[in-house]
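As a plain string of letters, each chain reads:
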Amino acid sequence: CTIPLNLPASVAVAEALRTRAMWLLLFASSSQSLIGTALVFHQVSLFEEKGLDAGVAATVFTVMAPAVIVGSLIAGYLADRLPNRNVLAAGQVLFALAMVLILVISAPWHAYAYGMVMGFGGGLIMTTNTVIWPNYFGRRYIGSIRGIATTSMVGFAAIGPLPFAIVFDFTGSYTAAILMFLLLPASCTVAALLASPPRRLEPQPSSI
């Protein structure tokens with residue numbers, strides 16, 4: 001026999017845009033795009049400021065990539081068992097921790113620890129961002145909804161490196177930029193936790 005699935009009602013993008021959850025999720029997805037792109041873009045310069053050479057900066061990517069894979073796999077497991085917004089918030093907390101680690105980097109192993117935390121947090125966020133939209137708004141109109149979400153993320157990624165560069169030009173250091181933008185993953189964590197599924201779109205118990 002076929003086991004019925006408790007799926008949320010599918011809604012069009014216009015209706016989704018009238019929900020608080022849609023806007024909270026769009027904002028909660030911004031830190032990985034903006035900060036993640038900025039940190040990767042400026043990674044060599046960031047590490048040189050901390051006394052580490054470009055070779056270490058390049059090697060960190062070989063640590064970050066496997067951490068993304070592990071984070072993605074774990075996020076997939078957790079997203080099927082926990083509220084998606086909690087997994088998304090956990091990824092934001094790790095992003096904030098990675099930014100704090102940058103401030104104290106003074107040895108290569110610090111840089112590798114940063115890469116692992118950054119990659120793992122990114123994996124959590126990426127996978128959760130894939131599943132949370134259909135889980136909240138259904139699948140029929142997911143193309144339109146994901147189109148808006150992806151456009152938002154690409155937009156944040158495009159502007160991410162610029163403010164870091166501007167602050168560096170004015171202060172001669174990335175410390176001020178990191179401290180300023182540390183507020184973003186903290187705010188995104190709160191937004192993710194507040195992004196409960198729209199009440200009327202929650203799946204109804206099946207009658208078997």
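Look up a bit, the structure's there.
Residues numbered from 1 in each chain as written. Predicted model: local features only at pLDDT ≥ 70, side-chain atom pairs only at ≥ 80, totals over all residues. Heavy atoms only, no water.

A.B. asks: Got a sec to walk through the environment of Arg 140? Specific residues and values, please.
C.D. replies: Its place among the elements puts Arg 140 in the loop between helix H7 (108–137) and helix H8 (142–159). Residues Arg 140 and Ser 10, 130 residues apart in the sequence, show an inter-C-alpha distance of 5.6 Å. (Helix = DSSP H or I, 4+ residues; strand = E, 2+ residues; numbered from the N terminus.)

A.B. asks: Describe the environment of Phe 156, and please don't skip the residues or the numbers.
C.D. replies: Structurally, the position occupied by Phe 156 is in helix H8. The class of Phe 156 is partly exposed, set by a relative accessible area of 26%. When the C-alpha atoms of Phe 156 and Phe 27 are compared, they prove to be 10.0 Å apart, with 129 residues separating the residues in sequence. The residues touching Phe 156, leaving out its near neighbours within four places in the chain, are Ser 30, Ser 33 and Leu 34. (Buried < 20%, exposed > 50% of the residue type's maximum accessible area, 1.4 Å probe, protein only. Contact = heavy atoms within 4.5 Å.)

A.B. asks: Go over the packing of aromatic side chains, please, and point to the residues and values.
C.D. replies: In total, this model carries five aromatic pairs according to the counting rule given. A connected cluster of aromatic rings, assembled from ring pairs, spans Trp 133, Tyr 136 and Phe 137. In this arrangement the basic side chain of Arg 81 is found over the ring face of Tyr 77, its NZ or CZ atom lying 3.7 Å from the centre. (Phe/Tyr/Trp six-rings, centres within 6.5 Å; stacked < 30°, edge-to-face > 60°. Lys NZ or Arg CZ within 6 Å of the ring centre and 35° of its normal.)

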